[in-house]
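Inside the fold
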Amino acid sequence: QVRLMESGGGLVQAGGSLRLSCVASGFTFYTRGMAWYRQVPGKEREMVASISSASGVIKYMDSVEGRFTISRDNAKNMVFLQMNSLQFEDTAMYYCNTQYDPESWGPGTQVTVSS
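This structure is a prediction, so every number in the text was calculated from the model and none was measured.

**Digging into the overall build of the protein**
Across its full length, the protein holds zero helices and ten strands. Taken over C-alpha atoms, the radius of gyration comes to 13 Å for the protein, in line with the 13 Å a tight globule of 115 residues would show. Across its three principal axes, the protein shows a C-alpha extent of roughly 40 × 25 × 20 Å. In the protein, which comprises 115 residues, the share counted as buried stands at 43%. When contacts within the protein are restricted to residue pairs at least 6 apart in sequence, long-range pairs at least 24 apart make up 53% of them. When the accessible surface of the protein is split by element, carbon and sulfur atoms take 49% of a total near 6,100 Å².

Below you can see the structure in the form of structure tokens.
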């Protein structure tokens, strides 16, 4: 059973930073590409960043390139998202999941950026 638990969100002023963490279980973590997604009410969930199983391939959506950094620790089944220079437009619920064929979703962690 896939289980994902995100943490690290909060309220931050524009220009500030947050570090999101995600603990995964129920699947062979080190063999799967992972990603962070975000969703705001009324809009579809979008992929923010992805990282391949051995961290060799990393991709970001254009609006976060240069500000966000995704990383992972396969020994701990964890994936992280360092978010710097946060903007009001980054306000969303953030989720982690597998990069392809995401299954069960965790509760997410809310990021709110005040302008």
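**Observations concerning unusual backbone geometry**
One non-glycine residue, Ser55, adopts positive backbone phi at about 65°. Judged by relative accessible area, which is 32%, Ser55 ranks as partly exposed. Backbone geometry places Asp101, a non-glycine residue, at a positive phi of 50°.

**Quick look at the state of the cysteines**
Applying the stated criterion across every chain yields a total of one disulfide. Residue Cys22 pairs covalently with Cys96 via a disulfide, S to S 1.7 Å. On the criterion of sequence distance, the pair formed by Cys22 in strand 3 (residues 18-25) and Cys96 in strand 9 (residues 92-98) is long-range, its members being 74 residues apart. For Cys22, a relative accessible area of 1% translates into the label buried. Residue classification places Cys96 among the buried residues on the basis of a relative accessible area of 0%.

**Quick look at the nonpolar core**
Core analysis: the biggest nonpolar cluster contains 28 residues, and Trp36, Phe68, Val79, Leu81, Met83 and Tyr94 have the highest contact counts within it. Of all the elements in the fold, those that place two or more residues in this core are strand 3, strand 4 (34-39), strand 5 (46-51), strand 7 (68-73), strand 8 (78-83), strand 9 and strand 10 (109-114). Counting residues per element, this core draws most heavily on strand 3, at four residues.

**Side note on the sheet that holds strand 3**
Taken in spatial order, the four strands make up an open sheet running 1-3-8-7, and their pairing is antiparallel. The open sheet has two free edges, formed respectively by strand 1 (3-7) and strand 7, since each of these has just one partner strand. The mean inter-strand angle of the sheet, taken between neighbouring strand axes irrespective of direction, is 15°.

**Here we look at the sheet that holds strand 5**
If you trace the six strands from one edge of the open sheet to the other, you get 2-10-9-4-5-6, paired in mixed fashion. Strands with a single pairing partner mark the edges of an open sheet, and in this sheet they are strand 2 (10-13) and strand 6 (58-60). Within the sheet, the average angular offset between the axes of one strand and its neighbour, ignoring direction, is 25°.

What counts, and where the lines are drawn
- Residues numbered from 1 in each chain as written.
- Predicted model: local features only at pLDDT ≥ 70, side-chain atom pairs only at ≥ 80, totals over all residues.
- Heavy atoms only, no water.
- Helix = DSSP H or I, 4+ residues; strand = E, 2+ residues; numbered from the N terminus.
- Rg over C-alpha atoms; globule rule 2.2 N^0.38 Å.
- Buried < 20%, exposed > 50% of the residue type's maximum accessible area, 1.4 Å probe, protein only.
- Contact = heavy atoms within 4.5 Å.
- Areas by Shrake-Rupley, 256 points an atom, 1.4 Å probe, with all protein chains shown as cover.
- Disulfide = S-S within 2.5 Å.
- Core = buried A, V, L, I, M, F, W, Y, C linked by side-chain atoms within 4.5 Å.
- Pairing = 2+ DSSP bridges.
- Axes fitted to C-alpha atoms, helices over the stretch in contact; angles between N-to-C directions.

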